Amino acid sequence: MTDPIHTRVLRKLRNTRDLRAEILSLAAELSADDQAEGRMLVTDAVIAGTTVRKEWDSLLPALAPEIRPRMALEIKESETLAEKLGESVRLPLDKPNYRFEVLRLLLGASLEDKGSDASIMTRTGDTQIGLMKALGASATPIRGALAALRDAGLIRNLRQPRIDPQTLTQEQLGRLGATPQTLRFRFERGARIKPPAELLVRAEPLLGANGPKSWKPFSLSGSPVAQEDVPELDLIGMPRLDLVAHIPRSDREFDADVIRMLDDGLEPEPNMLASAPVVVTLVRAQTRFDREPRVGRIRCAHACDVFLSLLDMRLREQAIQYARAVRR
């Protein structure tokens, strides 16, 4: 009669936490049967096989000496799944929304220098020329966007338009069609949900000077930057992690897998009305306006992006308070 073999099968393993739990559970079974052997079969793991083996080797010495020799690890990966996992999750991108892009730059100029044509559009005698240079677009979409903003009552003069941040509401921008494309990410089923403050800590090395190349388009936005800019701002906690991604106008897809570098349990949230712990705002302007590193020496978005993120979170009073403070 052969000794029984206790087999644990882990399919599509995504993190080492679950692996550790299964190893300990298998060891507990073997401790109750000194004749049994244990086998951990890991198939089609999302995390690397080397990571699985390293975690196994590090945990095994912590088990009782009489149990360790009776435990074995086997890793299998099907070629078809390996090929599938090698493909990026790519999200389609909308065409650039020039109503948003123009409004964003006008708002940025307002926050920089009380409404003058500040560095965000370059100093020129004609605001339309400055917008064309900053956006990398022709005059036609710029003029169309300015006309729409004028018709909505947000600006008066097409040649030297001015936007007052205190007049803006998220509902107004939605009706006007002057909102950006945003990509939202949630935790997939089974993943450990992490608060936005913990995600911020994870984002800091990615957004630093030595961060990965794939994260160079990103900047930190939202409440942590607003709080750093204006410490007296009436904000409690961190509702979500806001990022701004500067994407070329010619791009048609966004590689969503880059967000999994933040946490491998994140996946796209298809419901745009659902709350999400990570929100990425896409900016399609040709010229990028990052500020000096703040908040732990990482790239931070322009004040206009921070203002708009507060509006999107339905924190309009805080957004207006923020605008008044940064203009001073």
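Here, the structure is the one placed above.
Everything in this summary refers to the structure shown in the same document. Since this is a predicted model, take the numbers as computed values, not measurements.

Overview of the overall build of the protein
Here is step 1: Along the protein, the regular secondary structure elements total 11 helices and 10 strands.
Here is step 2: Taken over 328 residues, the protein has a buried fraction of 49%.
Here is step 3: Considering only contacts in the protein between residues 6 or more positions apart, those separated by 24 or more positions represent 75%.
Here is step 4: Surface accessibility of the protein: about 16,500 Å² in total, with carbon and sulfur atoms responsible for 50%.

Let's talk about the packing of helix 5 (residues 127–135) against helix 6 (residues 139–151)
Here is step 1: Their axes nearest at 10 Å, the elements helix 5 and helix 6 cross at an angle of 120 degrees. Considered as vectors, helix 5 and helix 6 are oriented oblique to each other. Helix 5 and helix 6 meet at a crossing whose hand is right-handed. Together, Gln128, Leu131, Met132 and Leu135 of helix 5 and Ala139, Ile142, Arg143 and Leu146 of helix 6 make up the contact between the two elements.
Here is step 2: Counted by class, the contact of helix 5 with helix 6 contains 6 nonpolar, 1 polar and 1 charged residues.

Side note on the side chain of Arg284
Here is step 1: Along the chain, the position of Arg284 falls in the loop between strand 10 (278–283) and helix 10 (303–312).
Here is step 2: Within the buried set, Arg284 has no salt-bridge partner at all; the shortest N-O distance to an opposite charge, 6.0 Å, is to Glu101.
Here is step 3: At 3.3 Å, the side chain of Arg284 forms a polar contact with the backbone oxygen of Ile247.
Here is step 4: Setting aside residues up to four positions removed in sequence, Arg284 forms contacts with Leu93, Asp94, Lys95, Pro96, Glu101, Leu135, Ile247, Pro248, Arg249 and Asp251.

Cut-offs used in this document
- Residues numbered from 1 in each chain as written.
- Predicted model: local features only at pLDDT ≥ 70, side-chain atom pairs only at ≥ 80, totals over all residues.
- Heavy atoms only, no water.
- Helix = DSSP H or I, 4+ residues; strand = E, 2+ residues; numbered from the N terminus.
- Buried < 20%, exposed > 50% of the residue type's maximum accessible area, 1.4 Å probe, protein only.
- Contact = heavy atoms within 4.5 Å.
- Areas by Shrake-Rupley, 256 points an atom, 1.4 Å probe, with all protein chains shown as cover.
- Axes fitted to C-alpha atoms, helices over the stretch in contact; angles between N-to-C directions.
- Parallel < 35°, antiparallel > 145°, perpendicular 65-115°, else oblique.
- Left-handed = near helix turned anticlockwise from the far one by under 90°.
- Nonpolar A, V, L, I, M, F, W, Y, C, P; charged D, E, K, R; others polar.
- Lys, Arg positive; Asp, Glu negative; His and termini not counted.
- Salt bridge = Lys/Arg side-chain N within 4 Å of Asp/Glu carboxyl O.
- Polar contact = N/O pair within 3.5 Å; in protein donor to acceptor, adjacent residues only side chain to side chain.

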